[in-house]
Amino acid sequence: MDLYFWTASQAPTRRHHMTILVTGATGRIGRQVIDQLIARDADVRALVRNPATANLPAGVSIVEGDLFDIDSLRSAFADVSTLFLLNAVTADEFTQALIALNVAREAGIERVVYLSVIHSDLYVNVPHFAVKFAVERMIEQMGVSATILRPAYFIDNDISIKDVVTGHGVYPMPIGGKGLAMIDARDIGEIAAIELLRREQSSTPLPLDHITLVGPDTLTGTDIAGLWTEVLGRPIAYGGDNTAGFEQTLRQFSPSWMAFDMRLMAERFQSEGMIPATGEVERLTALLGRPLRSYRDFAAEIAA
């Protein structure tokens, strides 16, 4: 039997004044989403823990709160028509996501864009992938009118290892030889904004949709070292597939559970890769109306 999140009697009437709420608003992707929505003259509200340090663009309505504070969520969700749900990788990510979706249901929010992850059904032992897979199941089973975005590895993750590449001549991420279709955070933000507005502006809630977010190239560790070699004009080596060493490095600045989670992810990079299905690059290129940003472009920007 199908379960439906909203019945006709529960569905709110469409308001003349429509607001898009962005969670995770001060993070890398959330900021990109907000910038793209503001550029399109959307009415944007941001849920933030600390308004004093949010530093968001003029025109964004800021609401203080977090995903465990039900009262602040109810306040933030009031008079919202469309929700962008982004949950940070935390030990309680799953609970946060389910609470947010249930409070959204209570508030009568009919339109949702959820940021999941590519291959959540394949990387079944990786905690932050398994969480997103379970949240997707809730969205599907409850009949939420949603777009589920499934991004591959963020190119921008590699900002953190710029000094290792430029200073030590090594690309240290143990991503293996299967290949990852890495995507630029700016492309994720723009696609998310396009989807939010598509749902927001529809006269009726749209059917569930899934979009896999990938970059234009599927790259191995050796491929990326080669791109850095070309951009920098000197040899950059691939650091190899040592996931245990990767975990130990991450433990210097992350909780042990998170470092272990990332190690498990790297092991699946090596065994499965992040490979786009046929037509996915073309779908995104058509959606954006331009080519996807490449890793080479990123490396050139960083080097400059």
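Residues numbered from 1 in each chain as written. Predicted model: local features only at pLDDT ≥ 70, side-chain atom pairs only at ≥ 80, totals over all residues. Heavy atoms only, no water.

Undergrad: Can you help me understand the side chain of Thr 19 in this one?
TA: With respect to the helices, strands and loops of the structure, Thr 19 is situated in the segment before strand E1 (20-22). Overall, Thr 19 belongs to the buried group, its relative accessible area being 3%. Of note is the side chain of Thr 19, whose polar atom sits 2.6 Å from the side chain of Asp 43. Once residues within four sequence positions are removed from consideration, Thr 19 is found in contact with Asp 43, Arg 45, Asp 79, Val 80, Ser 81, Thr 82 and Glu 200. (Helix = DSSP H or I, 4+ residues; strand = E, 2+ residues; numbered from the N terminus. Buried < 20%, exposed > 50% of the residue type's maximum accessible area, 1.4 Å probe, protein only. Polar contact = N/O pair within 3.5 Å; in protein donor to acceptor, adjacent residues only side chain to side chain. Contact = heavy atoms within 4.5 Å.)

Undergrad: I keep staring at the pattern of salt bridges and nothing clicks. Help me out?
TA: Applying the stated criterion to the full structure yields 18 salt bridges. The residue Glu 93 makes a salt bridge to Lys 132 at a minimum N-O spacing of 2.7 Å. Of the two residues, Glu 93 sits in helix H3 (residues 93-107) while Lys 132 sits in helix H4 (residues 127-141), which places them 39 residues apart along the sequence. Lys 132 shares its class with Glu 93; the two are buried. Of the charged contacts, one joins Glu 247 and Arg 263 as a salt bridge, the two residues approaching to 2.7 Å between their closest N and O atoms. In this pair, Glu 247 sits in helix H8 (residues 243-250) while Arg 263 sits in helix H9 (residues 256-272), placing the two residues 16 residues apart along the sequence. Connected through salt bridges with shared partners, the residues Arg 40, Asp 187, Glu 190, Arg 290 and Arg 293 form a single ionic network. (Salt bridge = Lys/Arg side-chain N within 4 Å of Asp/Glu carboxyl O.)

Undergrad: Got a minute to help me understand empty space enclosed by the protein in this structure?
TA: Remark: the empty space left among the atoms is shown by a probe the size of a water molecule rolled over them. Applying the stated rule across the entire model yields 2 cavities of 30 Å³ or more. Estimated volume of the second largest cavity: approximately 30 Å³. Together, Tyr 153, Met 173, Pro 174, Ile 175, Phe 246, Met 265, Ala 266 and Phe 269 line the second largest cavity. Considering each element in turn, the lining of the second largest cavity owes the most residues, 3 residues, to H9. Class assignment for the residues of the lining of the second largest cavity results in 8 nonpolar, no polar and no charged. (1 Å grid on protein atoms, 1.4 Å probe; cavity = no way out; pocket = protein on both sides within 12 Å on 5 of 7 lines; lining within 4 Å. Points joined across faces, edges and corners; volume = space filled by probe spheres on them. Nonpolar A, V, L, I, M, F, W, Y, C, P; charged D, E, K, R; others polar.)

Undergrad: What am I meant to see in the sheet that holds strand E6 (residues 145-151) here?
TA: For sheets, the rule is that strands pair by backbone hydrogen bonds, running either parallel or antiparallel. Pairing is parallel across the open sheet formed by 7 strands, whose spatial order is E3-E2-E1-E4-E5-E6-E8. Every other strand in the sheet has two partners, leaving strand E3 (61-64) and strand E8 (209-213) as the edge strands with one partner each. Along the sheet, successive strands turn relative to each other by an average axial angle of 20°, direction set aside. As defined by bridge partners, strand E2 (residues 44-48) adjoins E3 across 4 bridges and the pair is classed as parallel. For Val 48, the partnering residue across the bridge sits in E3 and is Glu 64. This element, helix H1 (residues 28-39), spans E1, E2, strand E4 (82-85) and strand E5 (111-115) of the sheet and lies at about 155° to E1. (Pairing = 2+ DSSP bridges. Axes fitted to C-alpha atoms, helices over the stretch in contact; angles between N-to-C directions.)

Undergrad: What am I meant to see in the side chain of His 119 here?
TA: On the secondary structure map, His 119 appears in the loop between E5 and H4. In this structure, His 119 is in contact with Phe 129, Gly 273, Met 274 and Ile 275, ignoring residues within four places of it in sequence.

Undergrad: Looking at this structure, I do not really get unusual backbone geometry. What am I missing?
TA: For residues that are not glycine, phi is negative in most cases, and the peptide bond is trans in most cases. Positive phi is not limited to glycine here, since Asp 41 has a value of about 65°. Its place among the elements puts Asp 41 in the loop between H1 and E2.

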